[in-house]
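Residues per chain, in single letters:
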Amino acid sequence: MAAYLNRGMSMIAGNGYESVMDSNSRQLHNVNSPLQIFVKAKKNINDIFGDISDYVVETTNFIEGLAADSQADIVDKAETETFRSFVLKINNIREVLARDHMKVAFFGRTSNGKSSVINAMLRDRILPSGIGHTTNCFCQVEGVDGHDAYLMREGSEEKLNVTSVKQLANALCQEKLSESSLVRIFWPRERCSLLRDDVVFVDSPGVDVSQNLDDWIDNHCLNADVFVLVLNAESTMTLAEKSFFHEVSTKISKPNIFILNNRWDASASEPEFLESVKAQHQERCIDFLVKELKVSTVKEAEERVFFVSARETLNGRLQEQNGLPAHTGALAEGFQARYFEFQDFERKFEECISKSAVKTKFEQHSSRGKTISNDMRLMLDNIFERINDLRNKKLEQKKLLTDRISATETQLMVVTREMKMKIHNMVEEVEQKVSKALNEEIWRLNVLVDEFNLPFHTDALVLNVYKKEMNGYVESGLGSNLRARLSTALAMNIETAQREMTDRMTALVPKEKLKDQTNQIITARNQPFEMLYSLNCQNLCSDFQEDLEFRFSWGITALIQRFNAKKAASKTGKSGVVANQYRNNGNLNKSTQAVTPSADLNSPISLLPQFNGEFTTEEQLSLVSRIAAASIGSQGTVGGLVIAGILFKTIGWRVLFAVGGIYFSVYAYERLSWTNKAKERKFKEQYVKHATRKLKLIVDLTSANCSHQVQQELSSTFARLCRVVDCSQSEMNNELKDIEASLNVLEANQKQIKLLRNKASFITNKLDTFENNYIKSN
Ligand SMILES: Nc1nc2c(ncn2[C@@H]2O[C@H](COP(=O)(O)OP(=O)(O)OP(=O)(O)O)[C@@H](O)[C@H]2O)c(=O)[nH]1
């Protein structure tokens, strides 16, 4: 108590009026005001929540992007909704933040001077004050940008013009508002530093005139940072005032309550009781705060009880605004002390309300901001882990696929090499088999020709038809014989080779991709493979010329022919060279295209012995031959006589006649045996000889042609299989590209999540710093 009394006196003795003026200056310029703690804290937390808002929107957009990526399936709907709810929550906090201010509510009995205290603090007659029950509803004074003041009634957006305190008072009186209702008075911030610093003042009707104290507390007190109990220093604290604050302290934990013993100027008229009355009020007030309400310690309570005169303070301040000293005019004794005590109250009030509002309002926001930031970081952690799992799976898939592609390439090379070798071997084998079979068939050609039984006649026209039929018969006969000998085994070999080829190649294709393609690959043709033997006897034997003239086998011409036949045999070497040339040409062409033998045999090489000039070499001829030749050359007459004469002389006429008789008999026999049947036999014999010779020429060509067909068949099957493997490889490569693209996206997402997590940590740190600077330091 003594300390309190000394406080006021020492302040007055120390700085006096100068201190008052300094304080005014501080108020006007708002420099170093304790309210700046709230102002700075509000700006700081607003900036932080601006960052949080950007962060939450960025994160939510990112999460929505992830959710939209249907293939990844990383984020579910509920998570997206949660992120969206964060955006709403932050927006709500920002809205509340924008409305956050320091709120002080004034309570007390009617006419204690509540309105006067507010006016004194605001340095203007904003609120109506007067004798009796003036304030009939709650009046909230708050700052507004701009130059114009206005008021708004509760539940209405209509701005009512307020040009003066009198008009305002009149307006309130005329409206006859309910005592719990609120009238908001918007006063230009530029006209009052407290309003500029976001302090909102709430005036109330007298606590003694209302029964709705609970409603008051619920509607107007719960968000108040400071309560000011305005007492009339001329009387003691009433039960109504005490009851109200008892109610307040049950609903609000440790409310900040200041007690102003107003109208202290009235005590100046009785100076002898001044100190004792003041001490009595002081004690009662401290007891009320400490013992009854239990909202502060004694030390704190001593700093919360003041003895002031609102009316004097307001008048003094208005004088100052007019350029006059505050004490101008008729003032009661002790004005300076009361004026200073009012300022002291204001300073302590500002410190209290600033710290309290920062704590009660921003601590909650900061805590919610940190919770949201932490929740988001946890959710991002979960999503990061899910992406990591997915990424590991994709990496595993990539590795398997890469290994598979590489193994397939290696295997394909091996299988291709082996299959080429197999096709080569098979082609050679087929060539040998066909060659062997065809040679055997040619060797047995006479059997085939003998079985041809079309009626034979030497008539040129009939013979021509006979030859054509014979050619056709031989061609189809040889063909069917070859087919019977080779086709079944060949078809089986080819199918086996194709099956093996397919098995080897399809092993390189993943089973799931293979489906039912295997059979389609092999059965590209509807019919099983069948070899075509292009013998074309029609063309091959088109140059066949039969010789059906009767020739006595012991006649001179026949003997000469027999002799020349031997010679012709020695000439086959020459014709063989030609044939070999033909064969070689055929071999050269076989790998590119099947060659039709008839095309090259239209001008067959004549292998028949040449009579003209071949036997004219004299040392090769015997004497008889020379004579016979001479006899042929002279139409047989002279030659015959010469030979007869020589023989007559040499062996005698009897022997000669006997031999002649036998010779003639043989001649007669042969002549008589030269029937149509004999001619047919002779024809067939000549045909077999001719066809054998011609067919032998095309053995290599035909076998090459057949092997080529086999090569074509197997190569095309292999090519089809290669295409299947190629398709599978290209599918696998595409799959690999897809996986790599997914991995890139996942890695980019992880990178972004890391960034967002860091941002969340950064925001949490900012809020921690904010709490350290503004909340924990209080
Ligand atoms: N002498 C003196 N009179 C004062 C002081 N403060 C206020 N008054 C007067 O007391 C009367 C009531 O003041 P108000 O400010 O209207 O009191 P109030 O508590 O707001 O009253 P209601 O609005 O009716 O609840 C007015 O006539 C003021 O001039 C003061 O410090 N000293």
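Values in this document were obtained by computation on a predicted structure and should not be read as measured data.

Thresholds applied
Residues numbered from 1 in each chain as written. Predicted model: local features only at pLDDT ≥ 70, side-chain atom pairs only at ≥ 80, totals over all residues. Helix = DSSP H or I, 4+ residues; strand = E, 2+ residues; numbered from the N terminus. Contact = placed C-beta atoms within 7 Å. Pairing = 2+ DSSP bridges. Axes fitted to C-alpha atoms, helices over the stretch in contact; angles between N-to-C directions. UniProt positions renumbered as here; feature names shortened; annotations may be inferred. Parallel < 35°, antiparallel > 145°, perpendicular 65-115°, else oblique. Left-handed = near helix turned anticlockwise from the far one by under 90°. Nonpolar A, V, L, I, M, F, W, Y, C, P; charged D, E, K, R; others polar. Buried ≥ 20, exposed ≤ 12 C-beta atoms within 10 Å, placed from the backbone. Near = placed C-beta within 6 Å. Core = buried A, V, L, I, M, F, W, Y, C linked by C-beta atoms within 7 Å. Expected span 1.5 Å × (residues − 1). pLDDT = per-residue confidence, 0-100.

**Student:** Run through the overall build of the protein chain, naming residues and quoting values.
**Tutor:** Along its length, the protein chain carries 25 helices and nine strands. Intrachain contacts of the protein chain at a sequence separation of at least 6 include 83% that bridge at least 24 residues.

**Student:** Would you mind going over the sheet that holds strand β2 (residues 138–144) in detail, with residue names and values included?
**Tutor:** Across the sheet, which stays open at both edges, the nine strands sit in the order β4-β3-β5-β2-β6-β1-β7-β8-β9 with mixed pairing between neighbours. Each end of this open sheet is capped by a strand with a single partner; those strands are β4 (160–161) and β9 (305–307). Alignment of strand β3 (residues 150–153) against β4, held across two bridges, turns out to be antiparallel. Its bridge partner lying in β4, Leu151 is registered against Leu160. Seen against the sheet, helix α5 (residues 114–122) touches β1 (102–107), β2, β6 (199–203), β7 (226–232) and β8 (256–262) and runs at an angle of roughly 160 degrees to β6. Seen against the sheet, helix α9 (residues 239–251) touches β1, β7 and β8 and runs at an angle of roughly 170 degrees to β7.

**Student:** Tell me about the pairing of β3, and name the residues and values.
**Tutor:** Here β3 folds back onto β4, and the loop between the two strands holds six residues, one of which, Gly155, carries a positive phi near 80 degrees. Pairing of β3 with strand β5 (residues 182–188) involves four bridges; the strand directions are antiparallel. Opposite Leu151, over in β5, you have Ile185 as the bridge partner.

**Student:** Account for the UniProt feature "transmembrane region" (unreviewed entry) in the protein chain, naming residues and giving values.
**Tutor:** The positions that UniProt labels "transmembrane region" (unreviewed entry) are, in the present scheme, residues 651–669. Span residues 651–669 is 95% helix and 0% strand, its end C-alpha atoms 25 Å apart.

**Student:** Give me the packing of helix α8 (residues 213–221) against α9: which residues, what numbers.
**Tutor:** Packed helices, taken two at a time, are described by the angle their axes make and the gap between the axes. Contact geometry of α8 with α9 gives a least axis separation of 10 Å together with a crossing angle of 50 degrees. Relative to α9, the element α8 lies oblique. Where α8 crosses over α9, the handedness of that crossing is right-handed. Facing Leu213, Asp214, Ile217 and Cys221 of α8, the residues of α9 in contact are Phe244, Glu247, Val248 and Lys251. Here the contact of α8 with α9 is composed, by residue class, of five nonpolar, no polar and three charged.

**Student:** Describe the environment of Leu463, listing the residues and the values that go with them.
**Tutor:** Here Leu463 shows up in helix α15 (residues 460–506). Overall, Leu463 belongs to the partly exposed group, with 16 C-beta atoms counted inside 10 Å. The spacing of Leu463 and Glu546 is 83 residues in sequence and 9.4 Å in space, taken between C-alpha atoms. If we ignore the near neighbours within four places in the chain, the residues touching Leu463 are His457 and Thr458.

**Student:** So what's going on with the site of the ligand? Which residues, and what values?
**Tutor:** Residues in close proximity to the ligand total 23 residues, the closest being Gly113, Ser115, Ser116, Ser129 and Thr135. Taken together, the elements giving at least two residues each to the shell around the ligand come down to α5 and α12 (310–321). With three residues, α5 is the largest single contributor of residues to the shell around the ligand. Looking at the shell around the ligand, its residues break down into four nonpolar, 15 polar and four charged.

**Student:** Now, about unusual backbone geometry: what can you tell me, with residues and values included?
**Tutor:** A positive phi angle, close to 60 degrees, is found at Arg123, a residue other than glycine. Take Arg123: it is sitting in the loop between α5 and β2. According to the C-beta neighbour criterion, Arg123 is buried, with 21 such atoms within 10 Å. Even without glycine at this site, Arg263 takes up a positive phi of about 60 degrees. Here Arg263 is to be found in the loop between β8 and α10 (274–292). For Arg263, a count of 23 C-beta atoms within 10 Å gives the class buried.

**Student:** Tell me what's going on with the nonpolar core, and back it up with residues and numbers.
**Tutor:** Membership of the largest hydrophobic core comes to 101 residues, with the highest contact counts inside it found for Val104, Val141, Val228 and Leu260. Per element, the largest residue contribution to this core is 15 residues, and it comes from helix α13 (residues 335–443). Among residues more than four places away in sequence, those in contact with Val104 are Val199, Phe201, Val202, Ala224, Asp225, Val226, Val228 and Ile353. If you look at the next biggest cluster of nonpolar residues, it comprises 44 residues, including Met419, Ile494, Leu540 and Leu721.

**Student:** Kindly report on helix α4 (residues 77–99), identifying the contributing residues and their values.
**Tutor:** If you check α4, its first and last C-alpha atoms are 33 Å apart, about what 23 residues at 1.5 Å a residue would give, namely 33 Å. All of the buried residues along α4 are Phe83, Phe86, Ile90 and Ile93. Looking at the buried residues of α4, the elements they touch are α3 (35–68) and α13.

**Student:** Please give an account of the environment of Val745 that cites residues and values.
**Tutor:** In this structure, Val745 sits in helix α25 (residues 699–776). Residue classification places Val745 among the partly exposed positions, given that 17 C-beta atoms sit within 10 Å. On a C-alpha basis, the gap between Val745 and Arg391 in space is 9.6 Å, while along the polypeptide they are 354 residues apart.

**Student:** How would you sum up the confidence of the model for the protein chain? Please name residues and give values.
**Tutor:** Scored by pLDDT, the protein chain comes out at a mean of 81, with 81% of its residues at no less than 70. Scored below 50 in pLDDT, residues 572–625 shows 58 contacts in the model against residues more than four places distant or in partner chains. Counting contacts from residues 627–636, a segment whose pLDDT is below 50, to residues more than four positions away or on other chains yields 14 contacts. Across the predicted assembly, pTM comes out at 0.67 and ipTM at 0.98.

**Student:** Give me the pairing of β7: which residues, what numbers.
**Tutor:** One face of the sheet, then the other: side chains in a regular strand alternate in exactly this way. Of all seven residues in β7, seven are buried; the element is thus mostly enclosed. Side chains Val226, Val228, Val230 and Asn232 project from β7 onto one buried face, and the interleaved Phe227, Leu229 and Leu231 project onto a second face that is buried too. In this sheet, β8 lies alongside β7 in parallel orientation, the contact comprising seven bridges. Bridging across to β8, Asn232 finds its partner in Asn262.

**Student:** So what's going on with the packing of α3 against α13? Residues and values would help.
**Tutor:** One can describe the packing of α3 onto α13 by two numbers: an axis separation of 9 Å at closest approach and a directional angle of 15 degrees. Judged by the inter-axis angle, α3 sits roughly parallel to α13. Crossing handedness for the pair α3 and α13: left-handed. When α3 is examined against α13, the residues Leu35, Ile37, Phe38, Ala41, Ile45, Ile48, Phe49, Ile52 and Thr59 are found in contact with a partner set consisting of Glu350, Ser354, Lys355, Ala357, Val358, Phe362, His365, Ser366, Gly369, Ser373 and Met376. Considering only residue class, the contact of α3 with α13 consists of twelve nonpolar, six polar and two charged.

**Student:** Please provide a residue-by-residue account of the environment of Glu79, values included.
**Tutor:** When you line up the elements, Glu79 lands in helix α4. Residues Glu79 and Glu64 lie 15 residues apart in sequence; the distance between their C-alpha atoms is 9.4 Å. Dropping the residues within four chain positions of it, Glu79 is found in contact with Ile63 and Met379.

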